Every structure is written in structure tokens, then in C-alpha cells.
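Results of the structural survey
One-letter residues, chain by chain:
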Amino acid sequence: MNIPQLYGGIEAGGTKFVCVVASGPGHIVEEVRFSTTTPAETLGKAIQFFQSFIASGKVSSIGVGCFGPLDLNPKSSTYGFITFTPKPNWSNTDVRGALQRGLDVPIALDTDVNAAGLGESVWGASKGFDPSLYLTIGTGIGGGYIQDGKPLLGLLTPEMGHIRIPHSRDLDPFNGCCPFHGDCFEGLASGPAIEKRLGLTGANVPENDAFWDIEADYIASALMNYILVLSPRKIILGGGVMQREFLFPKVCRRVHELLNGYVASKSILENIDDYIVPPGLGTQSGSLGAIALAMQIGGRKIEA
Ligand SMILES: [Zn+2]
């Protein structure tokens, strides 16, 4: 019998960690979830989970999709660290180093959204569509742009949640809740922005509330900018807010209106419902994305 190669994946979120041993969707051998507490305790649990798989030779590389911001510059003295985060105890945490010391296999670290975007491009809704964009709209807003099978990395990782978008204070007097920019995209359209504005979580705002047209307009405005700058062949919208599925047709309609025929692609002009879509891997984009990171590092020489 042909036993597929297994890989380790960690979806390292600010609320919970998901650790998996898998070879891809439909073949997850083992999975464990635990709350994110202190770095020592949380990373310790992750190390413990993988130790036996590594000792038996079943797992030979591990991918990590981690909350951030992260330092991903290999030449930096804080490479692989979470830099500054409002999450208590986690600023200046050497995530990659701690895992590397505890687990003697190659570790591939990237942001949670980059990992999810990569997972979707390998097995999910953007498979065969390169470049592609994965955007999460939930507790925060972030985007992973995958080109030639790799997440885009520049000076730092892109911060797509913090772009400026039109904000009519007549229509929506809310000041926004981003501590850095007030009414940037995340400050206006994230889950916490909805809750602060309406006093209800996004999951509990009724479908017929007029606010959803405003939310769809914010998302569509941001997507218009990403489409014009990055020209992705597929856009995936994930995260808690997008679990309200009625938002998809509203967003698609509004993107179509805003672009006004300017981007002359059939994907937008005729098939926009197939162009802006939910994650193909459902809630597993992040953990399977971490597996995809592990596969990439396991399948090629690691650059010094
Ligand atoms: Zn901001």
C-alpha cells in the first residue's frame, strides 16, 4: 500500500491553536485544538503534540500560519518573531525559534492569511487560478496575495485591512475602531466595528438590516482597489463576517457597479459570482494552508 507523506501544520490564532498531521484535505490523521494562553504554555503544547510523529519519522517538516504582525525577513535579527501585538504576553515572541528548538525539523512560518491563501490555491477555491487573493473579514481584516504559488512579501507583509475607502459620515456616522487609523477598512468593516456600531455581533444583526448594504459597499470598495492594483484571477472571502452568506451577492453586485465595465474580463462582466467566492476548504483553509507551507519547505532545499 502506498502511504502518503505526512506533514505537520499549525494554525496559530490569537484565540486558539489548531495542530494537524495530514497529507491534504480528506487525509487528516490527527488534529488537536487548544486555547492560546502564554507563549511558553501554548508553543509547549504544540511541540508536545508533534514530538512522537517526528520521532517515528512520519512528519519531517512543519508549516505554521500565525497571527501577527510577524517579522518574515530572513536577514532580520528578529526573523520569525511576532513583533508588536496588543495580545498580552505575545509581543516579541520568537515563535519560529521556540518551535525549531523543540522540534528538530524544518519549520516554515508565514502569516495566518498567507497560509490560508496558499491552502486555497493548492486545494481550494483558487486552485488553478494564479494570482489569487484571500481576504479574511472577521476579528480583523487581512489579505494574502498568492502569485506563482507563493505569498507576496515585500518590505513587510501586505496589510490589506488598513487601506482607506470612501466613508460617508451622513450614511454611517461611526468613527471607525482602528487604533491606528480610525476609519480604515478594518476600522469600518471588521467584526468588532460592526459590534461597536450596532451593539450586536455580526452573527446577530438581522439579514434585512440596512447596515448590510453599507458593509457590502465597504467590502466592494476595497475589492475594487485590489482588483485594479493586483488583478487577481480569483478572490476568496473568508472570516466570521463572511459566514453571513447573503453578503456575497451584495458584494458581487456592488463590485460590478463600482468597476462600471472598466475591467473588461468575463470573470467580472459575466461571472462575478464565480470570481468572488467563499473558501473552498471551509474553516480548514488555515490548518491545511499550514500543511501546504510544510509541503513547500519539505519539497525543496531550504535557502540559507
Ligand atoms: Zn487601520
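Everything numeric here is computed off the predicted structure, so don't read it as measured data.

1. Things to note about the environment of Val277
With respect to the secondary-structure elements, Val277 resides in strand β12 (residues 276–277). Residues Val277 and Lys234 lie 43 residues apart in sequence; the distance between their C-alpha atoms is 8.0 Å. With near-sequence residues (within four places) excluded, Val277 lies in contact with Ala125, Lys234, Ile235, Ile236, Leu237 and Phe248.

2. Some words on the coordination of the zinc ion
Summarising the metal site, the zinc ion is bound by the protein donors His162 (ND1), Cys178 (SG), His181 (ND1) and Cys184 (SG), whose distances to it range over 2.1 to 2.4 Å. For the zinc ion, the four donor atoms are set out with angles of 103 to 122° between them, so the coordination reads as tetrahedral. Here the donor residues for the zinc ion map to a single chain with the spacing H-x15-C-x2-H-x2-C. Highlighted residues: His162 in the loop between β10 (150–151) and α4 (185–189) and His181 in the loop between β10 and α4, separated in sequence by 19 residues. Judged by its relative accessible area of 23%, His162 falls in the partly exposed class.

3. Remarks on the packing of aromatic side chains
The full count for this structure, using the stated rule, is seven aromatic pairs. A centroid spacing of 5.9 Å and a plane angle of 25° characterise the contact between Phe17 and Phe34, whose relative ring orientation is stacked. Of this pair, Phe17 sits in strand β2 (residues 16–24) while Phe34 sits in strand β3 (residues 27–35), placing them 17 residues apart in sequence. Judged by its relative accessible area of 2%, Phe17 is buried. Relative accessible area serves as the criterion here: at 10%, Phe34 is assigned to the buried category.

Reading guide: rules and limits
- Residues numbered from 1 in each chain as written.
- Predicted model: local features only at pLDDT ≥ 70, side-chain atom pairs only at ≥ 80, totals over all residues.
- Heavy atoms only, no water.
- Helix = DSSP H or I, 4+ residues; strand = E, 2+ residues; numbered from the N terminus.
- Contact = heavy atoms within 4.5 Å.
- Donors = N, O, S within 2.8 Å, 3.2 Å for Na, K, Ca; no water.
- Tetrahedral: all angles 85-135°; square planar, octahedral: opposite > 155°, others 65-115°.
- Buried < 20%, exposed > 50% of the residue type's maximum accessible area, 1.4 Å probe, protein only.
- Phe/Tyr/Trp six-rings, centres within 6.5 Å; stacked < 30°, edge-to-face > 60°.

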